[in-house]
Amino acid sequence: MDEKNKQLLTQLLSGELPDEHGRFGEFGGQYAPETLMPALKNLDKKVKTLLNDSAFQQDLSEELNQWAGRPTGLTYAKKLTELWGVKVYLKREDLTHTGAHKINNALGQALIAKQLNAKRVVAETGAGQHGVASAAACARVGIPCVVYMGAVDIERQAPNVDRMRQLGAEVVPVTAGDQTLRAAVDEAFRDWVSNPDDTYYILGSVVGPHPYPYMVRELQSIIGKEAKDQIIKATNGLPDAVFACVGGGSNAIGIFHAFLGDESVELIGIEAGGRSQKLGDNAATLASGKPGILHGTYSMLLHDEDGLVQETHSVSAGLDYPGVGPEHAFLQSIGRVTYTSAEDDEALEEVRACCSMEGILPALESAHAFVGAKKWAEGNQGKTIIIGLSGRGDKDMPTLSKVLKI
Amino acid sequence: MFGSELITNSVENTKQSGPAIVPFITAGYPDKDSFLDLITALAKTADVIEIGVPFSDPMADGVTIQRSSHAAIESGVTLKWILEELKTLNTKTPIVLMSYLNPLYVYGYDQLVEASLEAGIDGFIIPDLPIEEGEEIREVFNKAKLAMIQLVTPATPENRINTIAKHSTGFLYAVTVKGVTGGNEGLSKEVVGYLETVKASSNIPVCAGFGVRSKADVELLEPYVDGIIIGSALVEAIEQKITATDFLNTLRA
C-alpha cells in the first residue's frame with residue numbers, strides 16, 4: 001500500500017469514513033428515490049445516536065448473548081490442518097441462532113426499527129438466511145415482517161421458506177426480473193417507497209444507500225472482534241490470513257474489520273465464480289465488474305456496456321448478487337483486501353470435505369471461502385488462518401441432493 | 001429555443017386549453033419499429049414528451065413500467081439506440097428522457113450531452129438521483145442548457161421542497177403519491193395541500209405525475225399544477241391497442 005492508500009485506511013479506521021455523504025473514498029453514497037430521502041436521513045441520524053448509546057448497546061449485547069447464542073466458537077479444524085499444511089481455525093457463525101451471521105444484523109436492525117417506532121418491517125432474502133433471521137428477530141422484537149424472495153430462490157431454498165412462515169413472516173414471491181436476490185431487493189425497495197413513514201427496511205447486507213453499508217458493517221463487526229480475541233487466546237498471536245465469502249459482503253466485512261489495522265494479516269474475500277468467467281455465468285463482482293450504481297450505492301457492479309445490470313449465476317443463492325458493498329470496493333481500491341473467486345464445483349467439493357473431515361455441514365456460500373483458503377495454503381505452508389464459516393448448510397439440502405446426489 | 005427554456009415555455013403555453021399534457025412512454029415499446037411514429041403522433045397533442053430509457057432494475061416503478069422496460073430490453077432497446085433513433089426525428093415538442101442513473105453514468109456525462117444535443121433531447125429526469133448526488137451531472141447539463149427535472153414527493157419536507165425547486169430546471173416534477181409509478185388506488189384529496197406548497201415553492205412550472213389514470217384525476221390536479229404527466233395508464237392503453245392520442249383526449253376536461 002502506498003502512502004495515500006495508507007492514509008485512506010487510517011481515515012476508515014478512525015471513523016472519518018464513510019464521510020457525511022456516506023462515501024468510502026469514491027464509493028458509496030445515497031442514490032435513492034426522493035420518497036426515501038427523508039427516511040434515510042432520519043435513519044442516518046438515529047443509527048449514529050443508537051450505535052453510540054450505551055443503553056442500546058447493552059440491550060443488543062444481551063440479546064446477542066441470550067437469544068442469538070453469541071459469542072460463537074472458534075474451532076480448530078484438525079484434519080483440514082493436516083491436509084492443507086496450514087493451521088486452520090473456523091469462526092463458527094453457523095452456530096448462531098437461525099444458523100448464519102445474518103442474525104447479528106437482523107437483530108440489530110429489528111431493535112433499531114423498534115426505536116424508530118416502525119409498524120412493520122420489510123426484508124429481502126436470497127438464500128433465505130436473512131429472511132429467516134429477520135422473521136425471527138421481528139417475532140422477538142414484536143413487529144410484523146414481510147419478506148420478499150425471488151421465485152427461483154423460493155424453489156431452491158424451500159426449507160427456509162417454511163421456517164420464515166412458521167416464524168410469522170409473510171413471504172412474498174418475486175416473479176419480476178431475474179427472480180433472485182437482486183429482484184427481491186428491487187421489490188423490497190418498492191414496498192418501502194410506497195410506505196416510507198411506518199415501514200422499516202431491514203436490508204440484509206452491506207449494500208444499499210447510506211447508512212446501510214455503515215450500519216450493517218457495525219452490526220456484523222462483532223464476528224471479527226470475537227475471532228481476534230479467540231485466535232490470540234488460542235495461538236498467542238494474530239493469524240496470517242483471514243478468508244470469507246463475499247456476496248453483498250456482510251460476513252466478510254464483519255470478520256475483516258477487526259483485522260484491517262493489522263498489517264501482517266492478509267485479508268482475502270472469495271466471490272462466486274459460478275460456472276465460468278463469462279459475464280452472466282458468475283457473481284464475481286470485484287474480480288470482473290466495473291463501477292456503477294445499483295440499489296442506492298456506487299460500487300463495483302456486473303453490468304454491460306449499456307449500463308444494464310447483468311443476471312448472475314452461482315450455485316449458492318446467498319452469493320448470487322451482481323453488486324457488492326461499497327466498502328469492499330474501497331478496500332479493494334486501496335489494496336487492503338484481495339478478492340478472488342471460487343467456482344461452483346470447487347465449492348461443492350469443499351462442502352464434502354468439511355462434512356466428512358470436520359463433521360460440519362457448511363453453507364454453500366461459506367464453502368467458497370474454503371476454496372480460497374485451500375489454494376492460498378499451497379504457497380503458505382505452516383501458517384495460521386481463520387476461515388469465516390458464515391452459516392450452516394442445512395438450507396442447501398435440496399441443492400446438494402440434486403447436485404451431489406447425497 | 002431548446003432545452004430547459006423550451007420545456008418551460010411549452011408547459012406555460014400549452015397547445016390546447018387546460019394543463020400541459022406530458023405523456024410518458026417506454027422507448028421501443030411495444031415494438032421498436034413504431035417508436036418514432038408513436039412520438040410523432042403524441043407530439044400532436046403533447047406539450048412535452050417523456051421517454052423512458054428501459055433499465056434492468058426500475059426500483060421506483062410499478063408493474064406496468066417494469067413490464068414495458070423488461071420487454072424493451074429484451075428487444076434490444078438501449079440508451080445508444082434511443083439516441084440514434086431520435087436523431088432522425090423532427091419535432092418542435094420538447095423531449096425529456098427519464099432514465100435511472102446507471103445507463104447515463106456508463107455512457108459518460110460529457111458524451112451524453114453531446115449525443116443529446118444531436119438527438120434533440122431537451123432534458124432529463126433521473127428518479128434515483130437525489131439533489132445531494134446530482135451536483136456533477138447538473139453542472140454538465142446546465143452548461144449545455146439541458147433541463148434537469150427534479151422530483152419532489154409527499155414525503156419531502158417543506159424546506160427540502162424549496163431546495164429541490166431551486167435546483168430543478170424545465171419544470172418541477174411533483175410526485176402525487178408516496179409510492180412507485182402506476183398506482184391505481186386513486187388520488188387522495190390530501191394531495192391538494194401538498195401541491196399548493198410545491199407550487200408556492202417553485203419559480204418554474206410544476207407538473208404532477210404518478211398514478212394519474214382518469215379524467216377525474218386530471219380534474220382534481222388541474223387547479224394546482226401547470227401540467228400533468230401520464231405514464232403507466234398510457235402504456236397500458238397502448239398495450240390494449242388504444243390509440244395514444246385518443247387515450248390522452250379522454251383525460252382532458
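What you see is a predicted model, and the numbers here were worked out from it, not measured in a lab.

Parameters and conventions
- Residues numbered from 1 in each chain as written.
- Chains lettered and ligands numbered in written order.
- Predicted model: local features only at pLDDT ≥ 70, side-chain atom pairs only at ≥ 80, totals over all residues.
- Heavy atoms only, no water.
- Buried < 20%, exposed > 50% of the residue type's maximum accessible area, 1.4 Å probe, protein only.
- Helix = DSSP H or I, 4+ residues; strand = E, 2+ residues; numbered from the N terminus.
- Arc of directions from axis to C-beta.
- Contact = heavy atoms within 4.5 Å.
- Buried area = accessible area lost by both parts, 1.4 Å probe.
- Salt bridge = Lys/Arg side-chain N within 4 Å of Asp/Glu carboxyl O.
- Polar contact = N/O pair within 3.5 Å; in protein donor to acceptor, adjacent residues only side chain to side chain.
- Nonpolar A, V, L, I, M, F, W, Y, C, P; charged D, E, K, R; others polar.
- Pairing = 2+ DSSP bridges.
- Axes fitted to C-alpha atoms, helices over the stretch in contact; angles between N-to-C directions.

Enquirer: When you look at helix 8 (residues 158-167) of chain B in this model, what are you seeing that I'm missing?
Expert: Within an α-helix, residues lying three or four positions from one another point in the same direction, as the helix has 3.6 residues per turn. All buried positions along helix 8 of chain B are accounted for by B:Arg160, B:Ile161, B:Ile164 and B:Ala165. Projected down its long axis, helix 8 of chain B shows its buried positions confined to an angular sector of 140°, all on one face. Across from the buried face of helix 8 of chain B, at angles greater than 90 degrees, the exposed residues are B:Asn159 and B:Lys166. For helix 8 of chain B, the secondary structure elements touched by its buried residues are helix 2 (37-51) of chain A together with strand 6 (151-152), strand 7 (172-175) and helix 9 (191-201) of chain B.

Enquirer: Where do I start with the interface of chain A and chain B in this structure?
Expert: The accessible area lost on association of the parts is a frequent measure of interface size. Opposite the 37 residues of chain A that make contact, chain B presents 34 residues. Buried area between chain A and chain B, summed over both chains or domains, comes out near 2,900 Å², and the portion from carbon and sulfur atoms is 55%. Among the residues chain A hides against chain B, the three largest losses belong to A:Glu34, A:Arg190 and A:Ile293. Together they make up 23% of the total. The interface formed by chain A and chain B contains six salt bridges. A:Glu34 is paired through a salt bridge with B:Arg160; the nearest N and O atoms lie 2.8 Å apart. The interface formed by chain A and chain B contains 17 residue pairs in polar contact (both at pLDDT 80 or more). If you list the elements that add at least two residues to the side of chain A that touches chain B, you get helix 2, helix 9 (181-194), strand 11 (290-294) and strand 12 (297-301) of chain A. For the side of chain A that touches chain B, the element with the most residues is helix 9 of chain A, which contributes seven residues. The residue inventory of the side of chain A that touches chain B, partitioned by class, reads 16 nonpolar, 10 polar and 11 charged.

Enquirer: How should the sheet that holds strand 8 (residues 199-202) of chain A be read in this particular structure?
Expert: Paired through their backbone hydrogen bonds, the strands of a sheet run either parallel or antiparallel. Residues and elements named next belong to chain A. The four strands are arranged 7-6-5-8 in an open sheet whose pairing can be described as parallel. Sheet topology places strand 7 (170-174) and strand 8 at the edges, where each strand pairs with a single neighbour. Adjacent strand axes in the sheet meet at a mean angle of 25° when their direction is disregarded. Here helix 9 sits on the sheet and contacts strand 5 (120-125), strand 6 (145-150), strand 7 and strand 8; the angle it forms with strand 5, its principal contact strand, is near 160°.

Enquirer: Would you explain the sheet that holds strand 1 (residues 20-26) of chain B in this entry?
Expert: Residues and elements named next belong to chain B. Judged by pairing direction, the sheet is parallel, and its nine strands sit side by side in the order 5-4-3-2-1-9-8-7-6 without closing on themselves. Lying at the two open borders of the sheet, with one neighbouring strand each, are strand 5 (147-149) and strand 6. Pairing geometry for strand 4 (residues 123-125) and strand 5, over three bridges, is parallel. Note on strand 5: the bridge partner recorded for Gly123 is Ala147.

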